[in-house]
Amino acid sequence: MTQSQKSKIDPVRYEMYVHRLVSIAEEGRIALQKVCASPIVVQGGECMSAFYAADGTTIHTASGHLRFSAGCEDAVKAILASYSDNPGIHEGDQFYLNDPYIASTHIYDQMIVKPIFHAGSLLGWTGSMTHTADTGGVMRGGATEIFHEGVRSPGIKLVEGEVLRKDVFLNLTVQCRDPEYVGLDLKSRIAANNVCARGFRQLIDRYGIDFINAANAKLIADSEAMARARLRSLPDGVWRAVTYGSATDIRSGDAKALRVECTMTKKRDSVVFDFAGSSPQNEDAGNLTWVGSWGQLFVALSSQLFWNIPWNGGMARPVSMKIPEGTFLNCRYPAACGNAPALGGVLTSAASQCIAKMLFAAGIDEDVNASWYGSGGAGEGANTGGPGFFYGGHNQYNMVVGQGLYDMHASGFGAAPYRDGVSTGGHMNNPRVGISDIENIELQYPLVYLSRNHMADSGGYGKYRGGLGLHRIIMVYGTQDLTVNYSPYHGIPGGWGLFGGYPMGIGGNKFVVQPSDLRNELRKSRFPVTFSEVSSWGKIVAPKLPPLQRLKIPEFYLIADPCGVGSGYGDPLDRDAEPVLQDILLGAVTPERAAEVYGVVVAGDPPALDRAATEARRDAIRRERLAQARPVGNAPGAGRAAPDKSGSSLRRMHEYVEIAKLGDGRLVLRCRKCSHVYGPASENYKNGALRRIVGLYDRAESALPDGARGLAQLHEYFCPGCGTQVDVETHCPGVKGESSPIWDIEIDLSAAGAPAGKAKSPAPRRERVKA
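Residues numbered from 1 in each chain as written. Predicted model: local features only at pLDDT ≥ 70, side-chain atom pairs only at ≥ 80, totals over all residues. Heavy atoms only, no water.

1. Quick word on the overall build of the protein chain
Part 1: Scanning the protein chain from terminus to terminus reveals 15 helices and 31 strands.
Part 2: With the C-alpha coordinates of the protein chain rotated into their principal frame, the extents come out at 75 × 75 × 50 Å.
Part 3: For the protein chain, the residues scored as buried account for 61% of the 771 residues in total.
Part 4: Taken as a whole, the protein chain presents about 27,100 Å² of accessible surface, with 51% of it coming from carbon and sulfur.
Part 5: Separation between the mean location of the 80 positive side-chain charges and that of the 79 negative ones in the protein chain comes to 3 Å. (Helix = DSSP H or I, 4+ residues; strand = E, 2+ residues; numbered from the N terminus. Buried < 20%, exposed > 50% of the residue type's maximum accessible area, 1.4 Å probe, protein only. Areas by Shrake-Rupley, 256 points an atom, 1.4 Å probe, with all protein chains shown as cover. Lys, Arg positive; Asp, Glu negative; His and termini not counted. Charge placed at Lys NZ, Arg CZ, Asp CG, Glu CD.)

As C-alpha cells, this is what we get:
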C-alpha cells in the first residue's frame, strides 16, 4: 500500500471501522464458546476467530489462544492452493482442516475457514479454531505415526452454499469416541464464522468496498511498520538460549532430555530465530511440525515482543525462523505430533528468554519477564504446564471420557525487574485464559477434587520471586475403567530465571497413590490437602509400564498433579527480607527454604525477622559461593576479583553487568555492584565469572522416578568480586551438543551506547531449513 493511498483514508472513519472489526471478531469468538462442547474452550478460552485478506494474510485476530493466530492463515492459503479449481471455492462454503503438516500444531487443533464474497468476487475470509480432544485413533500416549492419531484432514468442504454437508459431517464425527461432542465443536466453529461473515458484510454496506479494501491493507501495513519501528528501537546483537523438555524413550522406558537451542539475531528492523542444535525428532508423539513451531514462536512474539502491535500478517513480516528438518521441532512426515503443544512450550520458552534479555538491554523494564514455563510435572513428559494426564474410559454416568484437565491455565507468572510473578495468574499461550471450574469437572469426569491450592516454595527463587504454581489432589470416583497416559515427569525445568534467578522452586511430580484407608478417613472428613502430605496416605504407584502403554487407575485412588510455576529474577540474596517474611506468613515460602535460599532467618510464633541472624546467614552464603565455585576461563588471573571503577557506563545489558568504557579506552563488561571487570566487551561475561555445578534438586526437591534424578544439573555463576549470583543455567550432560557456559548476550558494540540503527532491511517471514 502506497503512502498516497494511506493518506486518502479518513482517519476517523478508519478508527471507527477498526473498532467495529475488532468487536465483530470478539462476537464470533464469544458465539463459538457459547456453542462449543470442549471444556478447554468453554471454560478455558482456548479458541480463536479471525479475519483474513483474499490471499490469506491475517487482518485481525480475536484470540483466546495465541498459537492459533498463526494456524488459520496457513489453512486459508492451503485451501486456496489446493481447492480453488476442484471442488471450487464459492459463496456460502466452509472448509474444515486439522492437518498439523499444513496448518496446525497437532490434529486436536482444528479449524474451519469461510470465504467472504462481494459482487461475486472473493473479498476475504473468516476463520475459527478450537482444541477438540477426540479425533478417534489410539488413546493419547500410544502413537508413533501421524496415522495413529485419528481423523486428519488437509481440507474438506464441510458447508456448501450455507448448507451443512451431512455426509462429511458424519464422516468426521462417527470415527470419534464421542461423536456428539465432536459434532458440537464443529458446529461452534461454523457458528463463529457465520457471525463474523454477517458482521463483515454489514461493514461493506456501511463503508463501501473500496474503503474496506484500503482500510484492511492499511491495518496490515501499519502493523508491519510498527513492528519494524519497535525492532529499530532495540539494540542490535545476538542472544542465545538453551531450554529443555523431556520424554520417555519408547524402547527402554527410560527418561531422556530434549534440547532446544535458540539463537536470536536482531539487525536493524528484522530478527531471525535459528533453532539449529535442537534435539532429533522422537519416535513417539513428542514432535512438532514446522508450522506448529511457527505457532509456538508466535506466542512469544505476540505476548512479549509485539504485544502492543495489532496481531496480523504485517506484524510477522520482519521475523524469520530457521529449524533444521529432522529435529523434534521440525519433524519429518509421518511422525506423530500429538504432544506438540507441551514440548512446543519449550521452544516458546527459549525464544522468550532471548526477547526478554534484548528488551532489558533496551531499558524497557516494564516488558521484561522471567519465564512462565518454570517447571511443573503437568506436561506429558515435558514440564511446561500442560494438562497432565489425559483420561480415558467412562465416567460415573457411563459416558466416554477423553479429555485432559486444564488447571495449567492457572500457572505462575515469571518475575520482573520490579515485581514478583503473579501466583496462578494464567498461561502465556492464552491472554483470555480461564481455569477449569471444579464443579463442572466433577460433573463430567469420574473425579472428586480434594484440594486445589498454591504449592508452597514452588515459585522460582530470586530478588523477585516467581509466581507460585498450583497442585491438585484428585480422587477417582464412580468408574472402574479409568486410564491415563503415563509418562513420569523427569524433573527438568522447561523455563529459565533471569539474571541469577532460579527457573523454579520445589518441583512437583505427578503421581498416583493407592490409599491405605481413605474411605474410612473420608467418613471422618479427613483427607489430604497439601502436596507434601499426599504420599503418606498410602503407597505411591510408580510402575515402569511397557512403552506407549496406559495406566489403569482404580476407584478411590489418589492423583497428585502440579501445574507450572513462574521463574525468579535476580540474585535471591538481593531480595528484601521483609517480603520474604510476608511470604512465610502467607505460606508461599517455608522458613526452611527462606533460610537456605534467601538467607532470611525468622524466629518466634508468629514468625518475626531475626535481622542479625539474617545478615550473618547472607554473608555466609556469599562466602560459601566464592569458596565452592571455580573459575570458568583458563586465562591467568581467571576467577580473581579485578575491580576498575574508571571511565563510564555505556549500556546496562544485564541486571548486574554493564558495557563500560574504562579510563584507558578499553570496552569491557563490568559488574554493576563492585566494578569487577569480567573481560572484553566482545566476549562472554561468564568467562570472567566463577561457576558452581550442583544437582538440580540440591536447590529444589521432588519425588523423581528412578533414573531421572541425575538427568539435569544447575550451573550457578557468581561475580568473583562481590559473590553476586549473575546467572543460573540448566544443563543435561548426556544430551548431544551440550556446552557450558552459554554465551547468552552478545550486543553489537558499534551501537553499545546508542539506539539501534535506522536502516530498513526486509526479511522473509519464515525460512525452511533442511538438514
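Picking up where we left off.
2. Observations concerning the sheet that holds strand β4 (residues 109-118)
Part 1: One open sheet holds the seven strands; their spatial order is β2-β1-β5-β4-β3-β6-β7, and the pairing between them is antiparallel. Strands at the two margins of the open sheet, each flanked by one partner only, are β2 (58-63) and β7 (163-164).
Part 2: Where β4 and strand β5 (residues 121-131) come together, ten bridges link them in antiparallel fashion. When the sheet's bridge partners are listed, Q110 is paired in β5 with T130. (Pairing = 2+ DSSP bridges.)

3. Points about the sheet that holds strand β9 (residues 255-267)
Part 1: The five strands lie next to each other as β11-β10-β9-β8-β31, forming an open sheet whose pairing is mixed. Unpaired on one side and paired on the other, β11 (319-322) and β31 (745-747) mark the two borders of the sheet. Put simply, the sheet's adjacent strands are angled 20° from each other on average, direction ignored.
Part 2: In terms of strand pairing, strand β10 (residues 270-274) meets β11 through four bridges, oriented parallel. (Axes fitted to C-alpha atoms, helices over the stretch in contact; angles between N-to-C directions.)

4. Some thoughts on the pairing of strand β24 (residues 648-652)
Part 1: Examined bridge by bridge, β24 and strand β25 (residues 657-661) share four bridges and lie antiparallel to one another. Bridge pairing in β25 links S648 to K661.
Part 2: Linking β24 back to β25 in an antiparallel pair, the connection comprises four residues.

5. A word on the packing of aromatic side chains
Part 1: Inspection of every chain in the model, using the stated rule, returns 16 aromatic pairs.
Part 2: Aromatic side chains Y101 and Y333 sit 5.0 Å apart centroid to centroid with 80° between the ring planes, which places their arrangement in the edge-to-face category. Separated by 232 residues along the polypeptide, Y101 in the loop between β3 (94-97) and β4 and Y333 in the loop between β11 and α10 (340-361) bring together distant segments of the chain.
Part 3: The partly exposed category is assigned to Y333, whose relative accessible area is 47%.
Part 4: Here the aromatic rings of Y477 and F556 are separated by 5.8 Å at their centres, their planes lie at 70°, and the arrangement is edge-to-face. On the criterion of sequence distance, the pair formed by Y477 in the loop between β15 (470-476) and β16 (483-485) and F556 in the loop between β19 (550-552) and β20 (558-562) is long-range, its members being 79 residues apart.
Part 5: A relative accessible area of 14% places F556 in the buried class.
Part 6: Counting every residue linked through ring pairs, the aromatic cluster contains F360, Y464, F499 and Y569. (Phe/Tyr/Trp six-rings, centres within 6.5 Å; stacked < 30°, edge-to-face > 60°.)

6. Notes on helix α2 (residues 11-35)
Every α-helical turn comprises 3.6 residues, leaving residues that sit three or four positions apart pointing alike.
Part 1: The terminal C-alpha atoms of α2 lie 37 Å apart, and with 25 residues this matches the ideal 36 Å at 1.5 Å per residue to within 8%.
Part 2: All of the buried residues along α2 are Y14, Y17, V18, L21, I24, A25, E26, G28, R29, A31, L32 and Q33.
Part 3: At the N-terminal end of α2, a side-chain oxygen is found 3.1 Å from the backbone nitrogen of V12, two or three residues along, and the residue is D10. (Expected span 1.5 Å × (residues − 1). Polar contact = N/O pair within 3.5 Å; in protein donor to acceptor, adjacent residues only side chain to side chain.)

7. Here we look at a nonpolar patch on the surface
Part 1: Nonpolar side chains collect at one region of the surface, where Y397, M399 and L443 lie side by side and expose about 340 Å² of accessible area between them.
Part 2: Mapped onto the elements, L443 comes out in helix α11 (residues 438-444). (Patch = residues over 30% accessible without salt bridge, like charges linked within 9 Å, V, L, I, M, F, W, Y side chains within 5 Å. Salt bridge = Lys/Arg side-chain N within 4 Å of Asp/Glu carboxyl O.)

8. Regarding empty space enclosed by the protein
Part 1: Counted under the stated rule, the structure contains ten cavities of 30 Å³ or more.
Part 2: Of the voids in this model, the second largest cavity is the one considered here, and its volume is about 150 Å³.
Part 3: What lines the second largest cavity is a set of 19 residues, and nearest its centre among them are V242, Q353, W496, V728 and E729.
Part 4: Only β8 (237-248), α10 and β30 (725-731) provide two or more residues apiece to the lining of the second largest cavity. (1 Å grid on protein atoms, 1.4 Å probe; cavity = no way out; pocket = protein on both sides within 12 Å on 5 of 7 lines; lining within 4 Å. Points joined across faces, edges and corners; volume = space filled by probe spheres on them.)

9. Section: the packing of helix α5 (residues 166-173) against helix α6 (residues 179-207)
What describes two packed helices is the angle between their axes and the distance between those same axes.
Part 1: α6 packs onto α5 with a crossing angle of 130° between their chain directions and a minimal axis gap of 9 Å. Comparing the axis directions of α5 and α6 gives the class oblique. Crossing handedness for the pair α5 and α6: right-handed. Between α5 and α6, the residues in contact are F169, L172 and T173 and P179, V182, G183, L186 and K187, respectively. (Parallel < 35°, antiparallel > 145°, perpendicular 65-115°, else oblique. Left-handed = near helix turned anticlockwise from the far one by under 90°. Contact = heavy atoms within 4.5 Å.)

10. Brief notes about the environment of G295
Part 1: Here G295 is to be found in helix α8 (residues 290-305).
Part 2: Contact partners of G295, with chain neighbours within four places excluded, come to R67 and A70.

11. Comments concerning the packing of α2 against helix α7 (residues 209-232)
Part 1: At a minimum axis separation of 11 Å, α2 and α7 run at an interaxial angle of 80°. Between α2 and α7, the angle is such that the two are roughly perpendicular. Contact residues: R13, Y14, Y17, V18 and L21 in α2; F211, I212, A215, N216, K218, L219 and D222 in α7.
Part 2: Counted by class, the contact of α2 with α7 contains eight nonpolar, one polar and three charged residues. (Nonpolar A, V, L, I, M, F, W, Y, C, P; charged D, E, K, R; others polar.)

12. Examining the confidence of the model for the protein chain
Part 1: Chain-level pLDDT for the protein chain is 90 on average; 92% of the residues reach the 70-or-more range.
Part 2: Scored below 50 in pLDDT, residues 376-387 makes 63 contacts in the model with residues more than four places away or belonging to other chains.
Part 3: This stretch, residues 754-771, has a pLDDT under 50; its non-local contacts, to residues over four places away or in other chains, come to 57 contacts. (pLDDT = per-residue confidence, 0-100.)

13. Brief notes about the nonpolar core
Part 1: One finds F273, F275, L297, L301, L305, F306 and Y678 to be the most contacted residues of the largest nonpolar core, which totals 78 residues.
Part 2: In terms of residues, this core owes the most to one element, α10, which gives 13 residues.
Part 3: Filtering out sequence-adjacent residues up to four positions away, F273 remains in contact with C262, T263, M264, L297, L301, V319, S320, M321, K322, A351 and I355.
Part 4: By size, the runner-up hydrophobic cluster in this structure holds 43 residues, among which are Y461, F556, L581 and A712. (Core = buried A, V, L, I, M, F, W, Y, C linked by side-chain atoms within 4.5 Å.)

14. A closer look at the pairing of strand β1 (residues 47-53)
Part 1: With seven of seven residues buried, β1 is to be regarded as a mostly interior element.
Part 2: With burial as the criterion, each face of β1 is covered, one bearing C47, S49, F51 and A53 and the other bearing M48, A50 and Y52.
Part 3: Taken together, the seven bridges between β1 and β5 define a ladder with antiparallel strand orientation. For C47, the partnering residue across the bridge sits in β5 and is T130.
Part 4: Two elements, β1 and β2, share five bridges in a ladder whose sense is antiparallel. Of the residues in β2, the one forming a bridge with M48 is S63.

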